[in-house]
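Examination of the molecular architecture
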Amino acid sequence: KIYFTDAARVLYTYDPQANTVKTELFDERTSPLPEEFMALAGFLDFDIDSLRKKAYIDDTVEIEEIGGFSTYKIRIVPRQKVQNEPPRELWIDRTSSLPRRFAIQDSIKVQVDFEDLRTNEGLQREDLIPLVDESATMYSTLP
């Protein structure tokens, strides 16, 4: 699946296999990754008080090297009474404060590594819009 969002915070989900495009408002409920990750990546507003209501943040912050970069490793454990989500780990670059790795260690294991991070590359919006098959079926949950 390919995810794209625009300035109006509309989330477009393109599924090439099903040849469909779904549009919906982009928020913590529709995000393809957990809310805290999307907030740290700049896609959602980050509110530490809101996160603390939803999850425990371990007091122990480890320092680990990933791909030659020194990172802070943070463990986030959702409060079971609020959500039934697995614990997750986030590695944040100690120099740039950008995410380097995101992982979920549960019955389904997920690990996303962020390599070769670059900022301010002068990308144009048109360069970021995914190519969608013209025959794709469009459907929307927008109000």
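Basis of the calculations
- Residues numbered from 1 in each chain as written.
- Predicted model: local features only at pLDDT ≥ 70, side-chain atom pairs only at ≥ 80, totals over all residues.
- Heavy atoms only, no water.
- Pairing = 2+ DSSP bridges.
- Helix = DSSP H or I, 4+ residues; strand = E, 2+ residues; numbered from the N terminus.
- Axes fitted to C-alpha atoms, helices over the stretch in contact; angles between N-to-C directions.
- Patch = residues over 30% accessible without salt bridge, like charges linked within 9 Å, V, L, I, M, F, W, Y side chains within 5 Å.
- Areas by Shrake-Rupley, 256 points an atom, 1.4 Å probe, with all protein chains shown as cover.
- Salt bridge = Lys/Arg side-chain N within 4 Å of Asp/Glu carboxyl O.
- Buried < 20%, exposed > 50% of the residue type's maximum accessible area, 1.4 Å probe, protein only.
- Contact = heavy atoms within 4.5 Å.
- Polar contact = N/O pair within 3.5 Å; in protein donor to acceptor, adjacent residues only side chain to side chain.
- Core = buried A, V, L, I, M, F, W, Y, C linked by side-chain atoms within 4.5 Å.
- Phe/Tyr/Trp six-rings, centres within 6.5 Å; stacked < 30°, edge-to-face > 60°.
- Lys NZ or Arg CZ within 6 Å of the ring centre and 35° of its normal.

Some thoughts on the sheet that holds strand β1 (residues 2–5)
Spatially, four strands are ordered β1-β2-β3-β10 in an open sheet, and the strand pairing comes out mixed. The sheet terminates laterally at β1 and β10 (137–140), the two strands that pair on one side only. Going across the sheet, the axis of each strand differs from the next one's by a mean of 20°, ignoring polarity. Pairing geometry for strand β2 (residues 10–15) and strand β3 (residues 20–25), over six bridges, is antiparallel. Considered in β3, the bridge of Val10 is made with Leu25.

Remarks on a nonpolar patch on the surface
A contiguous nonpolar patch, built from Val61, Ile63 and Tyr72 and spanning about 270 Å² of accessible area, is present on the exposed surface. Note on Tyr72: relative accessible area 34%, which makes it partly exposed.

Overview of the environment of Arg75
On the secondary structure map, Arg75 appears in strand β6 (residues 69–78). Judged by relative accessible area, Arg75 falls into the partly exposed class, the value being 31%. Spatially, the C-alpha atoms of Arg75 and Tyr12 are 30 Å apart, while their sequence positions differ by 63 residues. In this view, Arg75 contacts Tyr56, Ile57, Asp58, Pro87, Arg88 and Glu89; residues no more than four positions away in its chain are not counted.

What to know about the pairing of strand β5 (residues 62–66)
Bridge count for β5 against β6 is five bridges, and the pairing is antiparallel. Counterpart to Ile63 in the pairing with β6 is Tyr72. In this structure, the hairpin formed by β5 and β6 is closed by a connection of two residues, where Gly67 is found at a positive phi of approximately 55°.

Focus: the side chain of Thr23
Summarising the element assignment, Thr23 is placed in strand β3. In this structure the side chain of Thr23 is engaged in a polar contact, spanning 2.9 Å, whose partner is the side chain of Ser140. When neighbours within four sequence positions are excluded, Thr23 is seen to be in contact with Val10, Leu11, Tyr12, Tyr139, Ser140, Thr141 and Leu142.

Thoughts on the pattern of salt bridges
Applying the stated criterion across every chain yields a total of six salt bridges. Glu24 is the partner of Lys22 in a salt bridge, and the nearest nitrogen-oxygen pair spans 3.8 Å. Judged by its relative accessible area of 8%, Glu24 is buried. Here Asp113 makes a salt bridge to Arg101, at a shortest N to O gap of 2.5 Å. On the criterion of sequence distance, the pair formed by Asp113 in strand β9 (residues 109–113) and Arg101 in strand β8 (residues 99–105) is long-range, its members being twelve residues apart. The class for Asp113 is partly exposed, based on a relative accessible area of 33%. Within this structure, Glu64, Lys73, Arg75 and Glu89 form a network of salt bridges that share partners.

Section: the nonpolar core
Of all hydrophobic cores here, the largest spans 14 residues; its most connected members are Phe26, Phe37, Met38, Leu44, Ile76, Leu90 and Phe102. Contributing elements (two or more residues each) for this core: α1 (35–40), β6, β7 (88–93) and β8. Of the residues forming this core, the biggest block, three residues, is contributed by α1.

Quick look at the packing of aromatic side chains
Taken as a whole, this structure holds one aromatic pair when the rule is applied. Seen from their ring centres, Phe4 and Tyr12 are 6.0 Å apart, and the 40° between their planes marks the pair as tilted. Note on Tyr12: relative accessible area 27%, which makes it partly exposed. One Lys or Arg, Arg101, reaches over the ring of Trp91 and ends 5.3 Å from the middle of that ring.

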